[in-house]
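Breakdown of the fold
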Amino acid sequence: RMELLEDVSLKRMLYEKPDTLKPPRTDVLLVTPWLAPIVWDGSFNIDILNAQFHQRHVRIGLTVFAIKKYTVFMKPLLETAEKFFMVGHKVNYYVFTDRAKEMPNITLADGRQLEVLEVPSYKRWQDVSMRRMEMIRDHSRKRFINEVDYLVCVDADMKFMDEVGVEILSDVFGTLHRAFWGASRTQFPNERRKASAAYIPPDEGDFYYSGSIFGGTVEGVHKLTNFCHHEMLTDKENNIEAIWHDESYLNKYFLYHKPTKVLSAEYHWENYPGVGTIIKKKRFVLIRKNDTAIRNK
Ligand code: 2GW
Ligand code: MN
C-alpha cells in the first residue's frame with residue numbers, strides 16, 4: 001500500500017510546536033543530501049507517527065534467520081521484540097530455520113503472530129548469511145506481499161533494549177553501522193576490488209550501512225534483495241565473494257538506490273556500558289558471540 005494514497009486524518013493532539021529556528025538535535029545530521037530523514041532520538045514525535053500508522057492499519061513483518069545453532073537467539077530476540085518492537089501494531093514474525101523443533105514457545109500479544117518457515121541450510125556460513133537475500137526475495141513475492149505492508153529484516157544475534165516503532169518505516173531504509181557512523185569514505189570497509197559487483201570506489205559512498213537491519217515496503221525490500229542476490233550470483237560465477245558478503249552488496253545497492261530513510265546507530269548498537277552523549281537510546285543491540293560460544297567464524 002502506497003504511503004501517498006492513504007487518506008489519513010488526525011484528531012486534535014497537543015504537543016510542543018516545532019521550532020523552525022531550533023533544530024531538536026544540533027550534534028548529528030538529521031537529513032541526508034537527498035532529503036531522507038536520519039532517525040535519531042529526539043527528532044520525531046512518536047505519538048503523531050503512531051496516530052498516522054494506526055489509521056493505515058499498518059502490518060509489519062520482522063524477518064530473521066535462525067539456521068543451525070542460531071536458534072538459541074530466538075528466545076531473547078522474540079521476547080524483547082514483544083516488549084519493544086512496534087508495540088500496539090500488527091506484527092508477523094517470520095523465522096526462517098532448518099530446526100523448527102528448536103523454536104521457543106513464546107506468548108505473543110494480540111495481533112502478533114509467529115510464522116516458522118522451514119528452509120535448507122548452507123554448509124558455508126558465508127552462504128547462510130548471503131542466501132538470506134534470495135529467500136527474503138522469494139518469500140516477498142510469494143507471501144509477504146499478501147500479509148504485510150512493511151518488512152524489517154534483522155540478524156538473529158540481536159536483542160531489543162528500547163523502543164523500535166513506526167518511526168523507522170519508509171519505502172526503503174538502511175541503518176548506520178555502529179562502528180563506522182563517524183568514519184570517512186576511505187575507512188568504510190566497502191568492497192575495493194573492481195572485479196566484484198559490490199565494488200565501491202574510495203571516493204564514493206554516503207554512509208556505511210549495517211547488514212543487520214534494513215527494510216521497507218514489501219516492494220522496496222523485494223527490489224533490494226533481488227539486486228543483492230543477483231550481484232552475489234554474478235560474483236559467484238566469477239569466483240569472487242565480496243569482503244563482507246551480503247553487507248557489501250547492500251552497501252552497493254544503497255549507493256545508487258538511495259534509501260528513503262536512514263536509521264541512526266541507535267538501531268544497531270552494542271551493549272557498551274553507559275549511555276553516550278550522542279547515542280541516547282540503545283534500541284537494538286547485538287549479542288556478543290564470544291559470550292555464547294556458538295560460532296567459530
Ligand atoms: C554465521 C557466521 C559464522 C557461523 C555461523 C553463522 C550463522 C549465521 C549461522 O550458523 N546461522 C545463521 O542463522 N546465521 C544467520 O546469518 C543469522 O541470521 C545471523 O544473524 C546472520 C549473519 O551472521 P552473523 O550475525 O553471525 O554475522 P555478523 O554479526 O558478523 O553480521 C554482519 O556481517 C554479515 C556478513 O558477514 C551480515 O552482513 C550481517 O547482516 C552483518 O550484521
Ligand atoms: Mn549479526
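Read on for a plain summary of the structure. These figures come from a predicted structure and were not determined experimentally.

Here we look at the overall build of the protein
The helix and strand tally for the protein stands at six helices and eleven strands. The C-alpha radius of gyration computed for the protein amounts to 19 Å, which stays within 12% of the reference 19 Å derived for 297 residues, consistent with globular compactness. Projected onto the principal axes, the alpha-carbon positions of the protein cover approximately 60 × 50 × 40 Å. Across the 297 residues of the protein, 52% fall into the buried class. The long-range fraction of contacts in the protein, counting pairs at least 24 apart against all pairs at least 6 apart in sequence, stands at 76%.

Re helix α1 (residues 46-55)
Capping the start of α1 is the job of one residue whose side-chain oxygen sits 2.9 Å from the backbone nitrogen of D47: N45. Directly beyond the C-terminal end of α1, a positive phi value near 50 degrees is found at H57.

Description of the packing of aromatic side chains
Within the structure shown, the criterion is met by 16 aromatic pairs. For the pair W40 and W181, a centre-to-centre distance of 5.9 Å together with 55 degrees between the ring planes defines the contact as tilted. You can see W40 sitting in the loop between β1 (38-39) and α1 and its partner W181 sitting in the loop between β7 (172-175) and β8 (213-217), a full 141 residues away along the chain. Feature note: the residues W34, F207, Y209, F227, Y253 and F254 constitute an aromatic cluster, connected by ring pairs. It is K258 that lies over the ring of W34; its NZ or CZ is 5.0 Å from the centre.

Points about the sheet that holds strand β6 (residues 158-160)
Two strands in a sheet stick together by hydrogen bonds in their backbones, pointing the same way (parallel) or opposite ways (antiparallel). Pairing is mixed across the open sheet formed by three strands, whose spatial order is β6-β11-β10. Edge positions in the sheet fall to β6 and β10 (269-270), since each of these pairs with one other strand and no more. One ladder, built from three bridges, connects β6 with strand β11 (residues 284-286); its direction is antiparallel. From the neighbouring strand, M158 faces β11, where its bridge partner is L286. On the sheet, helix α2 (residues 74-84) packs against β6 and β11 and is oriented at approximately 25 degrees with respect to β6.

Here's the deal with the coordination of the manganese ion (ligand 2)
Protein coordination at the manganese ion (ligand 2): the donors are D155 (OD), D157 (OD) and D157 (OD), at 2.1 to 2.5 Å from the metal. Comparing D155 with D157 shows no difference in burial state: the two are buried.

Comments concerning the environment of A195
Secondary-structure assignment places A195 in the loop between β7 and β8. Separated by 44 residues in sequence, A195 and N239 have C-alpha atoms that sit 9.7 Å apart.

Regarding the pattern of salt bridges
For the structure shown, the criterion picks out 23 salt bridges. In this structure, the salt-bridge partner of E82 is R112, at a minimum N-O distance of 2.6 Å. Highlighted residues: E82 in helix α2 and R112 in strand β4 (residues 112-118), separated in sequence by 30 residues. Relative accessible area serves as the criterion here: at 9%, R112 is assigned to the buried category. The shortest N-O distance in the salt bridge between E147 and R143 comes to 3.0 Å.

Some remarks on α2
Among the residues of α2, those classed as buried are M74, L77, L78, T80, A81, E82 and F84. Contacts from the buried residues of α2 go to β2 (59-66), β3 (90-97), β4, β6 and β11. At the exit of α2 stands M86, carrying a positive phi of roughly 55 degrees.

The rules we used
Residues numbered from 1 in each chain as written. Chains lettered and ligands numbered in written order. Predicted model: local features only at pLDDT ≥ 70, side-chain atom pairs only at ≥ 80, totals over all residues. Heavy atoms only, no water. Helix = DSSP H or I, 4+ residues; strand = E, 2+ residues; numbered from the N terminus. Rg over C-alpha atoms; globule rule 2.2 N^0.38 Å. Buried < 20%, exposed > 50% of the residue type's maximum accessible area, 1.4 Å probe, protein only. Contact = heavy atoms within 4.5 Å. Polar contact = N/O pair within 3.5 Å; in protein donor to acceptor, adjacent residues only side chain to side chain. Phe/Tyr/Trp six-rings, centres within 6.5 Å; stacked < 30°, edge-to-face > 60°. Lys NZ or Arg CZ within 6 Å of the ring centre and 35° of its normal. Pairing = 2+ DSSP bridges. Axes fitted to C-alpha atoms, helices over the stretch in contact; angles between N-to-C directions. Donors = N, O, S within 2.8 Å, 3.2 Å for Na, K, Ca; no water. Salt bridge = Lys/Arg side-chain N within 4 Å of Asp/Glu carboxyl O.

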